[in-house]
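Next come the chains, spelled out residue by residue.
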Amino acid sequence: MIADVTASLGTDYYLMDELLTDEEREVRDRVRDFADREVIPVINEFWQKEEMPLELFYKIGDLGIVGGSIEGYGCPGLSLVATGLSAVELSRGDGSLNTLLGVHSGLGMGSIYICGSEEQRQRWLPAMARMEKIGAFGLTEAKHGSDSVMLETTCRRDGDEYVINGEKRWIGAGTFADVVVVWARDVEDMQVKGLVVEKNEDGSYPEGYEATPIKGKMGKRAVWQADIKFTDVRVPAENKLENANSFKDTSKVLTATRAGVAWEAIGHAIASYEAALQYAQQRVQFGKPIAGFQLIQNKLANMLAEITNMQLMVYRLSKLQEQGKMTGGMASLAKMNNAKKAKQVCSDARDIMGGNGVLLEYQVARHLSDMEIVYTYEGTDTVQSLIVGREITGVNAFA
Ligand SMILES: Cc1cc2nc3c(=O)[nH]c(=O)nc-3n(C[C@H](O)[C@H](O)[C@H](O)COP(=O)(O)OP(=O)(O)OC[C@H]3O[C@@H](n4cnc5c(N)ncnc54)[C@H](O)[C@@H]3O)c2cc1C
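Residues numbered from 1 in each chain as written. Predicted model: local features only at pLDDT ≥ 70, side-chain atom pairs only at ≥ 80, totals over all residues.

Summing up its helical and strand segments, the chain has ten helices and eleven strands in all. The dimensions of the chain, computed from C-alpha atoms along their principal axes, are 80 × 45 × 40 Å. Expressed as a percentage of its 399 residues, the buried residues of the chain come to 49%. Put simply, 75% of the contacts in the chain that link residues at least 6 apart link residues at least 24 apart. (Helix = DSSP H or I, 4+ residues; strand = E, 2+ residues; numbered from the N terminus. Buried ≥ 20, exposed ≤ 12 C-beta atoms within 10 Å, placed from the backbone. Contact = placed C-beta atoms within 7 Å.)

In structure tokens, the structure reads:
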């Protein structure tokens, strides 16, 4: 039996809403409402001026999504689908805010939850869940991005302290975060360890921590990343994350958050598709709305097909992750697929909108530029394909 078309199905073309729990719908609607009412009307100005909308960022604390799927420690313990949907809705509003949340909640809190002892979780997570303390994640270095496994920042045990030396690059929130998870090579055993650098009581950074914002980005302009220099930065030994003892532990965090990036890409694609569809229905050329031209419909149909593919992929991925069946390759496959496809959807949307497509006020240009960042961060498209390639062939092609 074939259903009649009674109303526009929008971007939920395969009625995935039916698969969601009440809680998942509530979370999605809450974040969607926040994005529509508070974010979209003001974000272009922040983006254009390269300013962080920190007031808006702290309001995310009221949405019940900080800490995502983490249970206990004041976190909401959402399903991974609900966490993913919140990333879709936030990035549909604005990608920079979603990146900032991803750094704080996914990478920062995620590192402490995955690699921290019970005491360390209790020490940091509740205040982070309330957004009284903001987290950051320092892995990448100027000389080591894709090969971050070869990182050169060092840590050295000195009595009941660790001393950190080196440089990090591209660290989101690195200029203002209170709790910065830093990955450094221990000179004792040459393994990569995770250490928490905290601000002092007076809000200053410990001596030797010097962060400079990286300005002039083409995307995600409303969130700042930093170059950070560590010169003999001392942290108490109890700030070494108990279960962060090799790069394998770093990878556990990255695998978990990569799945989140795959969800995030969908938000950018949906925002662009919706804007292009509306534009095509209103824009008249050659005497009729351009939505009536076959080639425009073909484009829109292909965009919707990609959005639907992406949604189905991450829904299943999150279920596998919850069941403990998600491999690193599965997460990378979704990140690779969704970043590539969402970038293309945004690009097609921009094309459908002609000259107006390049203007910020028509929304799509921001999403297209932001997608360039999503394509690269948390591991480039190429690197994701190598992770999948290693899993399917059994051969490591990285080096
Ligand atoms: C806006 C933004 C925010 C970020 N936020 C953070 C953050 O909060 N914390 C953090 O730690 N990092 C962060 N990053 C860093 C990000 O994860 C890295 O930029 C990314 O992993 C790529 O590293 P790279 O820039 O050094 O590129 P490179 O590794 O130099 O790559 C350059 C090119 O070479 C290709 N390449 C590399 N190795 C291979 C290979 N073996 N085979 C084939 N091709 C290869 C890559 O795919 C890419 O096309 C952020 C980056 C950006 C741009």
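Take the site of the ligand next. Near the ligand you find 21 residues, and of these G145, S146, G172, T380 and T382 are the closest. At the level of elements, β3 (135–138), β5 (161–172), α9 (364–376) and α10 (381–393) are the ones that each hand at least two residues to the shell around the ligand. Per element, the largest residue contribution to the shell around the ligand is three residues, and it comes from β5. Of the residues belonging to the shell around the ligand, the class tally is nine nonpolar, ten polar and two charged. (Near = placed C-beta within 6 Å. Nonpolar A, V, L, I, M, F, W, Y, C, P; charged D, E, K, R; others polar.)

Membership of the largest hydrophobic core comes to 119 residues, with the highest contact counts inside it found for L125, L195, A265, I266, A269, A276 and A349. Top contributing element to this core by residue count: helix α6 (residues 247–282), with 18 residues. Once residues lying within four places of it in the same chain are set aside, the contact partners of L195 are C155, Y162, I164, V182, A184, V235, N239, K240 and L241. (Core = buried A, V, L, I, M, F, W, Y, C linked by C-beta atoms within 7 Å.)

Here we take up unusual backbone geometry. In this structure, M190 is a non-glycine residue whose phi angle is positive, near 60 degrees. Its location among the elements puts M190 in the loop between β6 (179–186) and β7 (192–198). Of note in the backbone geometry, K220 takes a positive phi value of approximately 45 degrees without being a glycine. Mapping K220 onto the fold places it in the loop between β8 (209–214) and β9 (225–236).

Two packed helices can be described by the angle between their axes and the distance between those axes. Running from amino to carboxyl end, helix α8 (residues 328–352) crosses α10 at an angle of 145 degrees, the nearest separation of the two axes being 8 Å. The interaxial crossing formed by α8 with α10 has left-handed handedness. Across the interface between the two elements, G328, G329, S332, L333, K335, M336, A339 and K340 from α8 touch D381, Q384, S385, I387, V388 and E391 from α10. The residue inventory of the contact of α8 with α10, partitioned by class, reads five nonpolar, five polar and four charged. (Axes fitted to C-alpha atoms, helices over the stretch in contact; angles between N-to-C directions. Left-handed = near helix turned anticlockwise from the far one by under 90°.)

This part is about the pairing of β9. In terms of strand pairing, β5 meets β9 through nine bridges, oriented antiparallel. Bridge assignment links Y162 to a residue of β9, and that residue is V235. (Pairing = 2+ DSSP bridges.)

With that settled, the discussion passes to the domain arrangement of the chain. Assigned domains of the chain: these are domain 1 (16–129), domain 2 (135–239) and domain 3 (247–393). Put simply, the middle of domain 2 and the middle of domain 3, counted by C-alpha atoms, are 30 Å apart. Taken together, the contact between domain 2 and domain 3 spans nine residues of the former and nine residues of the latter. Residues of the side of domain 2 that touches domain 3, tallied by class, amount to five nonpolar, three polar and one charged. (Domains from an automatic or database assignment.)

Along helix α4 (residues 95–115), the sharpest change in direction is near 35 degrees and occurs at G102. Across the 21 residues of α4, 21 count as buried, placing the element largely inside the fold. (Bend = angle between axes of the 7 residues up to and from the residue.)

With that settled, consider the packing of helix α7 (residues 294–322) against α8. Where α7 meets α8, the axes come as close as 10 Å, and the angle between the chain directions of the two elements is 155 degrees. Classified by the angle their axes make, α7 and α8 are roughly antiparallel. In this structure, α7 meets α8 at a crossing whose hand is left-handed. Residue-level contacts link I296, K299, M303, E306, I307, N309, M310, M313, V314, L317 and L320 of α7 to M330, A334, N337, N338, K341, A342, Q344, V345, D348, A349 and I352 of α8. (Parallel < 35°, antiparallel > 145°, perpendicular 65-115°, else oblique.)

Mapped onto the elements of the fold, L368 is located in helix α9. Given 24 C-beta atoms within 10 Å, L368 falls into the buried group. A sequence separation of 64 residues divides L368 from L304, and the C-alpha atoms of the two residues are 16 Å apart. L368 has contacts with S272, C346, S347 and R350, leaving out every residue within four places of it along the chain.

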